[in-house]
Amino acid sequence: KIEQGTISFFTIALLCVYLVYLVMGSRNINVHHLVPGLCVIALTMVVKTLYGYSFDNSYILFSATLLLIPFISREINGKYDFHLLTLFFVSGISIAAITAQYLVYFPNISRFIRTFDLLGTIRYAGYYGDPNFYSAHITAALGGVLILLLETVSKKKLIALILMAGTLVYCGFLSVSKTFFLITVCLLILWILALLFNRGKISVKITMILVIIVGVVFLLSSPVFTDAVDAISARFGRDNNISDFTTGRTDIWMEYL
């Protein structure tokens, strides 16, 4: 970004990519995906107009993405390696999460970094600005790593994927997000079930599960994770009801219902 509050180069580049793929796929436009996208846009526009909300740049990007992302999906058509895409995704998240902790001391970049003080515990969110949305990227990347772990036979790739998973878990714990912790636990449970029902020797499956369990216990007990684990445990310990557990989200859900 040129300055805080302006459009980033990434946003401009993304819109350019959308337009390129729109032109490339204009001869074979399938309008089926446009119908639900236009319905969502119409609904949000009505709500914004009724309540007097502004139509900012993020909304324009959101609308363009709804309509144009299927063109990219169709044009890619399996030409890119999922392992390579996951590697880039994990690398980007990890670099952002780790560098944000140290670059926050420089005034030019600190304007783009937000930290949150939760009863004396500092919650980090990389450059995103929201710990929960920040951790949502991490769980998405972690899901990709776990899928690759089910298919990997190379020892080098296996070690690399385990290191990536450990790095992502560390970056996720920096957010001290209950949502991240719960989703990560669910991902591990689903991964274990998928592994058990996958083809292969039972002994290999049991060995891999034991290695994962030992690795998780080792990571969570290491000094790097201790403070974050204590902070998340303290957050769960303060919950007295379902509203506390979901940080007030169930109250919002009831209002919508």
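Numbering of residues begins from 1 in every chain and follows the order in which that chain's sequence is written. A pLDDT threshold of at least 70 governs which residues receive local features in this predicted model, and a stricter bar of 80 or more applies before side-chain atom pairs are shown or counted, although totals over entire chains, interfaces and linings include all residues. Water and hydrogen atoms play no part in the side-chain values, which are based on all heavy atoms of the structure.

1. Re the packing of helix α6 (residues 131-151) against helix α8 (residues 178-197)
- In contact at an axis separation of 10 Å, α6 and α8 are set at 15 degrees when each is read in the N-to-C sense. Viewed along their axes, α6 and α8 adopt a mutual orientation that is roughly parallel. Between α6 and α8 lies a crossing of right-handed hand. Between α6 and α8, the residues in contact are Asn 132, Ser 135, Ile 138, Thr 139, Leu 142, Gly 143, Leu 146, Leu 149 and Leu 150 and Thr 179, Phe 180, Ile 183, Thr 184, Leu 187, Trp 191, Ala 194 and Leu 195, respectively.
- Each residue gets one label: Ala, Val, Leu, Ile, Met, Phe, Trp, Tyr, Cys and Pro are nonpolar, Asp, Glu, Lys and Arg are charged, and the others, such as Gly, are polar. Taken together, the residues of the contact of α6 with α8 break down into eleven nonpolar, six polar and no charged. To define axes, lines are fitted to C-alpha atoms, for helices over the stretch in contact only, and angles between the resulting N-to-C directions are given on a 0 to 180 degree scale. A run of H or I in DSSP counts as a helix once it spans at least four residues, and a run of E counts as a strand once it spans at least two, with each numbered from the N terminus. For classification purposes, angles smaller than 35 degrees are called roughly parallel, those larger than 145 roughly antiparallel, those between 65 and 115 roughly perpendicular, and all remaining angles oblique. Left-handed describes a crossing whose near helix is turned anticlockwise from the far helix by less than a right angle; the clockwise case is right-handed. A contact between two residues is defined here by any heavy atoms of the two lying within 4.5 Å.

2. Section: a nonpolar patch on the surface
- Residues Phe 181, Leu 182, Val 185, Ile 189, Leu 190, Leu 193, Leu 196, Phe 197, Ile 242 and Phe 245 make up a contiguous nonpolar surface patch of roughly 940 Å² in combined accessible area.
- Counting only elements with at least two residues in the nonpolar patch, the list comes to α8 and α11 (242-245).
- With eight residues, α8 is the largest single contributor of residues to the nonpolar patch.
- Its location among the elements puts Ile 189 in helix α8.
- Buried means the residue's accessible area, taken with a 1.4 Å probe over protein chains only, is under 20% of the maximum for its type, while exposed means over 50%, and partly exposed covers the values in between. The partly exposed category is assigned to Ile 189, whose relative accessible area is 48%. Exposure above 30% relative accessible area and the absence of a salt bridge qualify a residue for a patch, where like charges join within 9 Å and nonpolar side chains (Val, Leu, Ile, Met, Phe, Trp, Tyr) within 5 Å. To be clear on the numbers: accessible area is Shrake-Rupley with a 1.4 Å probe, and residue cover counts the displayed protein chains and nothing else. We define a salt bridge as a contact between a side-chain nitrogen of Lys or Arg and a carboxyl oxygen of Asp or Glu at a distance within 4 Å.

3. Overview of the nonpolar core
- Ranked by internal contacts, the top residues of the largest apolar core, which has 32 residues, are Tyr 134, Ile 138, Val 145, Leu 168, Phe 173 and Trp 191.
- Only α4 (82-103), α6, α7 (155-173), α8, α9 (202-221) and α10 (223-237) provide two or more residues apiece to this core.
- When sequence neighbours within four positions are dropped, the list of residues in contact with Tyr 134 reads Ala 97, Tyr 124, Ala 125, Gly 126, Tyr 128, Cys 171, Gly 172, Leu 174 and Ser 175. Nonpolar cores are built from buried Ala, Val, Leu, Ile, Met, Phe, Trp, Tyr and Cys residues. Side-chain atoms within 4.5 Å join them into one set.

4. Focus on the packing of aromatic side chains
- Only Phe, Tyr and Trp rings are paired, with Trp represented by its six-membered ring, and only when their centres lie within 6.5 Å; those with planes under 30 degrees apart are stacked, over 60 edge-to-face, the remainder tilted. Counted by the stated rule, this structure contains six aromatic pairs.
- With 5.5 Å between their ring centres and 70 degrees between their planes, Phe 55 and Tyr 59 make a pair best called edge-to-face.
- Arranged with centres 6.1 Å apart and planes meeting at 25 degrees, the rings of Tyr 128 and Phe 133 form a pair that is stacked.
- One aromatic cluster is present, built from ring pairs that chain together Phe 55, Tyr 59 and Phe 62.
- The cationic tip of Lys 48 hangs over the ring face of Phe 55; the distance from NZ or CZ to the ring centre is 5.8 Å.
- Against the face of Tyr 59 rests Lys 48, its NZ or CZ located 5.0 Å from the ring centre. The criterion for a charge sitting over a ring is simple: Lys NZ or Arg CZ within 6 Å of the ring centre, and within 35 degrees of the ring normal.

Take it as geometry only, folks, not as evidence of what the structure does.
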